[in-house]
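Below are the chains, spelled out letter by letter.
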Amino acid sequence: GAGVSQSPSNKVTEKGKDVELRCDPISGHTALYWYRQSLGQGLEFLIYFQGNSAPDKSGLPSDRFSAERTGGSVSTLTIQRTQQEDSAVYLCASSLAGATHNEQFFGPGTRLTVL
Amino acid sequence: GENVEQHPSTLSVQEGDSAVIKCTYSDSASNYFPWYKQELGKRPQLIIDIRSNVGEKKDQRIAVTLNKTAKHFSLHITETQPEDSAVYFCAASRVNNNDMRFGAGTRLTVKP
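Figured I'd write up the structure that's included with this text. (Residues numbered from 1 in each chain as written. Chains lettered and ligands numbered in written order. Predicted model: local features only at pLDDT ≥ 70, side-chain atom pairs only at ≥ 80, totals over all residues. Heavy atoms only, no water.)

1. Some details on the overall build of chain A
Next, step 1: Across its full length, chain A carries zero helices and 10 strands.
Next, step 2: Along the chain direction, N to C, the helices and strands of chain A fall in the order β-β-β-β-β-β-β-β-β-β.
Next, step 3: Taking 115 residues into account, the globule formula puts the C-alpha radius of gyration at 13 Å, and chain A, at 14 Å, falls close to it.
Next, step 4: Its C-alpha atoms give chain A principal-axis dimensions of about 45 × 25 × 25 Å.
Next, step 5: Burial statistics for chain A: of 115 residues in total, 49% are counted as buried. (Helix = DSSP H or I, 4+ residues; strand = E, 2+ residues; numbered from the N terminus. Rg over C-alpha atoms; globule rule 2.2 N^0.38 Å. Buried < 20%, exposed > 50% of the residue type's maximum accessible area, 1.4 Å probe, protein only.)

As structure tokens, then:
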């Protein structure tokens with residue numbers, strides 16, 4: 001079946017512009033995560049959605065970052081007034097709530113470059 | 001919330017040698033510990049996991065061990081091959097609670 005998809009795959013933007021990154025999770029997965037991975041670095045947790053519960057936003061690095069998940073499915077991560085340090089790969093993952101294990105399935109990522 | 005620490009950050013071994021990566025966690029209620037492998041330019045994928053009702057789990061050349069008392073778990077790769085070269089991430093969460101946190105990753109290089 002279809003896995004997690006993300007768009008765009010690459011995004012180049014100018015400093016100060018806003019960007020929107022999209023994630024389509026696996027159908028039926030109620031948990032959705034956003035991570036940031038800078039070049040050669042680990043997975044930095046950004047935000048986590050679980051069903052209809054309030055999202056865990058504890059990983060968002062600043063108020064320029066926000067995310068929404070509409071209808072419990074598609075999610076968008078918005079970065080306002082982008083800075084060069086925002087350049088990274090943004091990974092989305094989803095998992096099936098209530099499963100006997102919590103395997104996260106990752107999307108291919110969006111590579112963001114801020115000039 | 002959960003905090004996971006992972007060591008070492010980089011590891012280089014000769015082909016055929018063993019590799020060990022260690023993680024510690026902070027939440028004593030965590031009971032699910034997966035390991036993900038991320039090859040260069042690809043997405044992370046689950047390679048093995050362990051739950052707290054067992055102390056060790058093996059799958060061919062890879063094994064995980066868990067010490068709940070000490071709150072640490074390890075990944076062991078035996079007879080390493082060049083295709084094992086990748087970044088490995090550990091993680092911890094509670095089963096049926098999807099709030100999972102990852103370690104910072106270990107870049108493993110297997111030299112032929």
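2. Here's the deal with the pairing of strand E7 (residues 75–79) of chain A
All names here are of chain A.
Next, step 1: Within E7, four of the five residues are buried, which leaves the element mostly enclosed by the surrounding structure.
Next, step 2: When strand E6 (residues 65–69) meets E7, the two strands line up antiparallel, connected through five bridges. Bridged to glutamate 68 within E7 is threonine 76.
Next, step 3: Taken together, E6 and the strand that follows it, E7, pair antiparallel across an intervening segment of five residues, in which glycine 71 is found at a positive phi of about 60°. (Pairing = 2+ DSSP bridges.)

3. Some remarks on the nonpolar core
Soluble globular proteins tend to bury their nonpolar side chains together.
Residues and elements named next belong to chain B.
Next, step 1: One finds Trp35, Phe73, Leu75 and Leu108 to be the most contacted residues of the largest nonpolar core, which totals 23 residues.
Next, step 2: Looking at this core, the elements with two or more residues in it are strand E2 (10–14), strand E3 (19–25), strand E4 (32–38), strand E5 (45–51), strand E7 (62–67), strand E8 (72–77), strand E9 (86–94) and strand E11 (106–111).
Next, step 3: Sequence-distant contacts of leucine 108, defined by excluding residues within four places in its chain, comprise Leu11, Val13, Ala19, Ile77, Asp84, Ser85, Ala86 and Tyr88. (Core = buried A, V, L, I, M, F, W, Y, C linked by side-chain atoms within 4.5 Å. Contact = heavy atoms within 4.5 Å.)

4. Examining the interface of chain A and chain B
Interfaces are often sized by the accessible area lost when the parts come together.
Next, step 1: Counting residues at the interface gives 28 residues for chain A and 21 residues for chain B.
Next, step 2: Taken over both partners, the interface formed by chain A and chain B buries close to 1,800 Å², and the fraction arising from carbon and sulfur atoms is 47%.
Next, step 3: Of all residues in chain A, Leu43, Asn102 and Phe106 of chain A give up the largest surface area on contact with chain B, accounting jointly for 31% of the area buried on that side.
Next, step 4: The interface formed by chain A and chain B includes one salt bridge.
Next, step 5: Of the charged contacts, one joins aspartate 56 of chain A and arginine 101 of chain B as a salt bridge, the two residues approaching to 2.6 Å between their closest N and O atoms.
Next, step 6: Mapped by element, the contributors of at least two residues to the side of chain A that touches chain B are strand E4 (31–37), strand E5 (44–50) and strand E8 (88–95) of chain A.
Next, step 7: Looking at the side of chain A that touches chain B, the element that brings in the most residues is E4 of chain A, giving four residues.
Next, step 8: For the side of chain A that touches chain B, a count of residues per class yields 13 nonpolar, 13 polar and two charged. (Buried area = accessible area lost by both parts, 1.4 Å probe. Salt bridge = Lys/Arg side-chain N within 4 Å of Asp/Glu carboxyl O. Nonpolar A, V, L, I, M, F, W, Y, C, P; charged D, E, K, R; others polar.)

5. A closer look at the pattern of salt bridges
Residue and element names in this part refer to chain B.
Next, step 1: Enumeration over the complete set of coordinates arrives at eight salt bridges over all chains.
Next, step 2: Here lysine 37 and glutamate 39 are joined by a salt bridge, their closest N and O atoms 3.4 Å apart.
Next, step 3: Classification of lysine 37 as buried rests on a relative accessible area of 16%.
Next, step 4: Take glutamate 39: its relative accessible area is 31%, and that puts it in the partly exposed class.
Next, step 5: A salt bridge links glutamate 39 to lysine 42; its shortest N-O distance comes to 3.8 Å.
Next, step 6: Look at the salt bridges and you will find they share partners, linking Lys37, Glu39 and Lys42 into a network.

Don't take any of this as a statement about function, it's just geometry.
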